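Structural overview
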Amino acid sequence: MHPIIIEEIPHWIKKYVKQIEKVTFPKQGCTSDVGILHTARGRYVLKRAKREKYRKWLYKEYYVLKNIQALADFQSPSAYKFVQTAEESWLLLEFFEGKTVREYLEKEDNEKKREHIVYEMGRLYR
């Protein structure tokens, strides 16, 4: 995965977050580039996907996050902006302090709990 450079970020996202002070990079996955935007207004998560398959997956993530808020007792980040260019898709999310699903699964020893999380995530993404 390639780091996100501030100059590459679409205008509509820069306009939303205002002044970007810096971008840091958490552990990366394989489907999108992920950066943490540090701004005067707080932190945001910015994801970028380039290949067509991954761009579709990123849009599906945006769709799920926009609609999951209706589920009771489920805390998820707000999806603020989804921007598509000719070659890339971008998703701007609320920053949450805490573990990612990947971190949870890597550290959880109880196989039933792990299966439950994977099942629920899969159900949400259908």
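As the structure is a computational prediction, the values presented were derived from the model and not from experiment.

So, the side chain of Glu-88
Within the secondary structure, Glu-88 sits in the loop between β4 (79-84) and β5 (89-94). Accessibility expressed as a relative area gives 15% for Glu-88, which makes it buried. A distance of 3.3 Å separates polar atoms of two side chains, one belonging to Glu-88 and the other to Trp-90. If we ignore the near neighbours within four places in the chain, the residues touching Glu-88 are Arg-48, Ala-49, Lys-50, Arg-55 and Val-83.

Digging into unusual backbone geometry
Although it is not a glycine, Lys-18 adopts a positive phi angle of roughly 70 degrees. As for its placement among the helices and strands, Lys-18 is situated in the loop between α1 (11-17) and β1 (20-24).

Quick word on the sheet that holds β1
In spatial order, the strands read β1-β2-β3-β5-β4; together these five strands make up an open sheet with antiparallel pairing. This sheet does not close on itself; its edge strands, each paired only once, are β1 and β4. With strand direction ignored, the average angle separating the axes of adjacent strands in the sheet is 25 degrees. Taken together, the five bridges between β4 and β5 define a ladder with antiparallel strand orientation.

Concerning the pattern of salt bridges
Tallied over the entire structure, the rule returns six salt bridges. In this structure, Glu-8 and Arg-48 form a salt bridge, with 2.9 Å as the shortest nitrogen-oxygen distance. Highlighted residues: Glu-8 in the segment before α1 and Arg-48 in strand β3 (residues 42-49), separated in sequence by 40 residues. Of the residues examined, Glu-8 reaches a relative accessible area of 34% and is grouped as partly exposed.

Considering the packing of aromatic side chains
The tally for this structure, following the rule as stated, stands at seven aromatic pairs. Between Tyr-59 and Tyr-62 the ring centres are 5.9 Å apart and the planes differ by 50 degrees, which places this aromatic pair in the tilted class. Here Tyr-59 pairs with Tyr-62, and both are found in helix α2 (residues 52-68), just three residues apart, close to one helical turn. Residue class for Tyr-62 comes out buried when judged on its relative accessible area of 19%. Stacked on the ring of Tyr-16, the Lys or Arg Arg-41 has its end atom at 5.7 Å from the ring centre.

Conventions we followed
- Residues numbered from 1 in each chain as written.
- Predicted model: local features only at pLDDT ≥ 70, side-chain atom pairs only at ≥ 80, totals over all residues.
- Heavy atoms only, no water.
- Helix = DSSP H or I, 4+ residues; strand = E, 2+ residues; numbered from the N terminus.
- Buried < 20%, exposed > 50% of the residue type's maximum accessible area, 1.4 Å probe, protein only.
- Polar contact = N/O pair within 3.5 Å; in protein donor to acceptor, adjacent residues only side chain to side chain.
- Contact = heavy atoms within 4.5 Å.
- Pairing = 2+ DSSP bridges.
- Axes fitted to C-alpha atoms, helices over the stretch in contact; angles between N-to-C directions.
- Salt bridge = Lys/Arg side-chain N within 4 Å of Asp/Glu carboxyl O.
- Phe/Tyr/Trp six-rings, centres within 6.5 Å; stacked < 30°, edge-to-face > 60°.
- Lys NZ or Arg CZ within 6 Å of the ring centre and 35° of its normal.

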